[in-house]
Amino acid sequence: MPAERRSIRGRSAVGRFPSVTLGFGEDTEEEKEEPKENNVKKRNACQEWLRKVCPCCCPKHDDVTDTEVTGVDEPSKEDGGNGEKPVPGDKELDEVLLKVKSIDLLKSKSGANRTDFEMWITLSRPFNPTSDELHLDLKTGPLAVVAKGTHVIIPLVAKLEGDRWEAAVVKQEDKKIKLLVNSPPTAVIGRYQLTVETNNQNGSASSTHDPANDIYILFNPWCQDDIVYMDSEDERQEYILNDTGRIYYGTKDQIGARTWNYGQFNDGILAVCLFVMEKSGTSPSGWGDPINVVRIISAMVNSPDDQGVLEGNWSGDYSNGTSPTVWSGSVEILKEYHKKNGTPVKYGQCWVFAGVVTTVLRCLGVPTRTVTNFSSAHDTDVSLTTDVYLDENLEPIEYLNVDSIWNFHVWNDCWMAREDLPPGNGGWQAVDATPQETSQGTYCCGPASLAAVRYGQVFLKHDTSFVFAEVNSDKIYWQKNADGTFSQIYSEKKIVGVSISTKAVGSDERSDITHLYKHPEGSDEERIAVETACSYGSKAKAYSSPTAEDVSLEVTLDGEGPKMGKDAELMITLKNSSSQQRSVSLHSQVSVMYYTGVHKATVRTDTTDIEVLPNEEKILEWTLEYKDYKDKLMDQAALMLTVSGRVKETQQILATQFSFRLRTPDLIIKPLGKAVVGEKMSVEISFTNPLPQVLKAVVFHVEGLGLLTARKINYGDIGSHATVSLTEQFIPTLSGTRKLLASLDCKQLTQVHGVSDITVEEKSNASL
């Protein structure tokens, strides 16, 4: 089936994305009809996603489902006669019990499940919501447990709220009901067994599990609340939906490229990917976290300790298998692994491991790309340096020279928020499945935050120190002394980590992403990162320790902080506690952040040299002008200032990060007149646009428990710095102190809201 590149999933997508069991039937007239909705709001989802993960093998007819009947009263001797209670016939039983006859998951190529998770359920009689109960039952893993999220009971609700397991009847035709199902953005991914259970006063019934009705839940990068959410549609098309790519090899001066067939939507690949997860022996209860899933796949794509997908071979003798250079895609490898029930496929090297990881993670819904690092170091002793040992005659000591620099090495970047790390470390994470060193006892590597690698914060998990050494370690030469010790005699600082490459978004061009892994070579920022990282390594003394640490750095803000539409002003304080003057070279970078801590864009960078007198506390005013940030903010208006520096006289390193937001104005809500139950009243809502630009298509939302139900007001445009007001009328229904809430939303400005306490009096007897 040819792959399409168009996705229709909107930004309002909810929850993790469900895929019905590997198959499509032909379109039916019933599926082409427009449903008569029961006031249940439908959610957008990704048509392309389900179209690709479900090959064409679904039967044309409705799935016939057996039903197990339970809970029917047993005969009792107390009923008289021969002690046997009359048992109703099949017809009578059908009239009292509610049994499931069939389940239709709408698997056709144009079925409703291309955009929403819907199903038709045919029952033994019409469903009566007042006397009948029905819920869906989903189970995944060998031992499904409700408390661990592997056994899910989905109730029927009157109104879908989103972000939870829930189902609602959206259409009823005689004995058939159509359900719309929502899932939470934290759901465990995997293959779920589906059954439907019914209950009423006459007994219970449960459908028999049919493997044809199994459901796959995947990560959802279209859902803003999913940890793997990616806001660029072009990048989602590339890093999730593109089933071919380019992998780079060669040397830094002679970069070659080859096309790789990822094939994540090929027939049977989704089942193989979950087979790989199952072979890991890990508990499915942890599969809702992409960090866990990425580490599992990193371990399972190689084979040394877990009988994973590929056996590595760098010997040059591939007579017992396939030479790594022969492979041109992942599909054949994964299918062979599955066919042989988990016997490692022979053979792979770094680009093969990485190609397979891209296939598996894209298939599971994690945005992933294949990355090549030229002049890639392999640090074996956690020194974060690449060490070369020489004897007294400057001859290499071969048995000690176990560190190496590869011409090229290929791994992966995957995209996710990192709520387990400090803000700013979300986004791209390095993952390496080539078995080089163990991580917590297993041959895997990552996910390591690229932001942490860039700043030398190697103490942040997972395996950041190893990735840092691959891209930015110094090559240090050590000579043996007469007493058997070694002295550092020379270092090379610019030879590791060159032309880090990946396929460009939307084209076959090479994109150089070195700047995401490291600061420019030789810059103060890059040297600070190297020395920061190596201070945590096994050879920290390779870098001069500061002769003193007598300068402190702090970032603060005044009052409640900067306001939206105005220049943002912070204070950087340098305090010299020594009796000598200090010269400090400071570097600052301010970035726009998602509220999840994922870096979106760099707004501005600055470098300045500061002289601090003895015992002086010097305050520097740092200003970010509105024009610099106005077109780059996200809906939480979050920013991060990173400041680093070095003291010239002592070589002391200074570094700090400061998160702040731009305060939005409040809506002013003023009650007009007295508030009485059952009597009409008014409120005035006023707002002043803080921006020197027009707000387009402004929408107000107003609601209040006991005051009025949620109301949406399409206001229109609001001019630059203009003040507007609107009056809303409503009739309170409950007495006491009530809160009226209002919010404003438009493309240019979000997070604007207000609240007013309104005391509602009971209606007086005189007015009754």
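Here the structure is a predicted model, which is why all the values come from computation and not from measurement. (Residues numbered from 1 in each chain as written. Predicted model: local features only at pLDDT ≥ 70, side-chain atom pairs only at ≥ 80, totals over all residues. Heavy atoms only, no water.)

1. Observations concerning the UniProt feature "binding site: Ca(2+)" (unreviewed entry) in the protein chain
Point 1. The positions UniProt marks with the feature "binding site: Ca(2+)" (unreviewed entry) are Asn 472, Asp 474, Glu 521 and Glu 526. In terms of the greatest pairwise C-alpha distance, the residues named above, spread along 55 residues, form a tight cluster of at most 11.3 Å across.
Point 2. Within the secondary structure layout, Asn 472 lies in helix α10 (residues 464-472).
Point 3. Excluding anything up to four places from it in sequence, Asn 472 contacts Val 496, Lys 518, Glu 521, Glu 526 and Val 530. (UniProt positions renumbered as here; feature names shortened; annotations may be inferred. Helix = DSSP H or I, 4+ residues; strand = E, 2+ residues; numbered from the N terminus. Contact = heavy atoms within 4.5 Å.)

2. Quick notes on the pattern of salt bridges
Point 1. Under the defined criterion, the tally for this structure stands at 26 salt bridges.
Point 2. Between Glu 526 and Arg 527 there is a salt bridge; the shortest N-O distance is 3.0 Å. Arg 527 matches Glu 526 in its accessibility class, with the two residues each being buried.
Point 3. Measuring nitrogen to oxygen at the nearest pair gives 3.4 Å for the salt bridge that ties Lys 627 to Glu 625.
Point 4. Judged by relative accessible area, which is 56%, Lys 627 ranks as exposed.
Point 5. Residue classification places Glu 625 among the partly exposed positions, given a relative accessible area of 34%.
Point 6. Beyond isolated ion pairs, a larger network of salt bridges with shared partners links Arg 604, Asp 606, Glu 625, Lys 627 and Asp 628. (Salt bridge = Lys/Arg side-chain N within 4 Å of Asp/Glu carboxyl O. Buried < 20%, exposed > 50% of the residue type's maximum accessible area, 1.4 Å probe, protein only.)

3. Thoughts on the sheet that holds strand β31 (residues 638-647)
Point 1. One open sheet accounts for four strands, arranged β29-β28-β31-β32; its pairing is antiparallel. Every interior strand has two partners, whereas the edge strands, β29 (599-612) and β32 (653-661), have only one. Across the sheet, the axes of successive neighbouring strands diverge by a mean angle of 15°, strand direction being ignored.
Point 2. Here strand β28 (residues 582-593) pairs with β29 via 12 bridges, running antiparallel. Note on β29: the bridge partner recorded for Ser 588 is Asp 606. (Pairing = 2+ DSSP bridges. Axes fitted to C-alpha atoms, helices over the stretch in contact; angles between N-to-C directions.)

4. A closer look at helix α6 (residues 290-300)
Point 1. For α6, a buried count of 10 out of 11 residues is recorded, marking the element as mostly surrounded by other parts of the structure.
Point 2. Of the positions making up α6, those classed as buried are Pro 290, Ile 291, Val 293, Val 294, Arg 295, Ile 296, Ile 297, Ser 298, Ala 299 and Met 300.
Point 3. N-cap assignment for α6: the residue whose side-chain oxygen lies 2.9 Å from the backbone N of Ile 291 is Asp 289. (Polar contact = N/O pair within 3.5 Å; in protein donor to acceptor, adjacent residues only side chain to side chain.)

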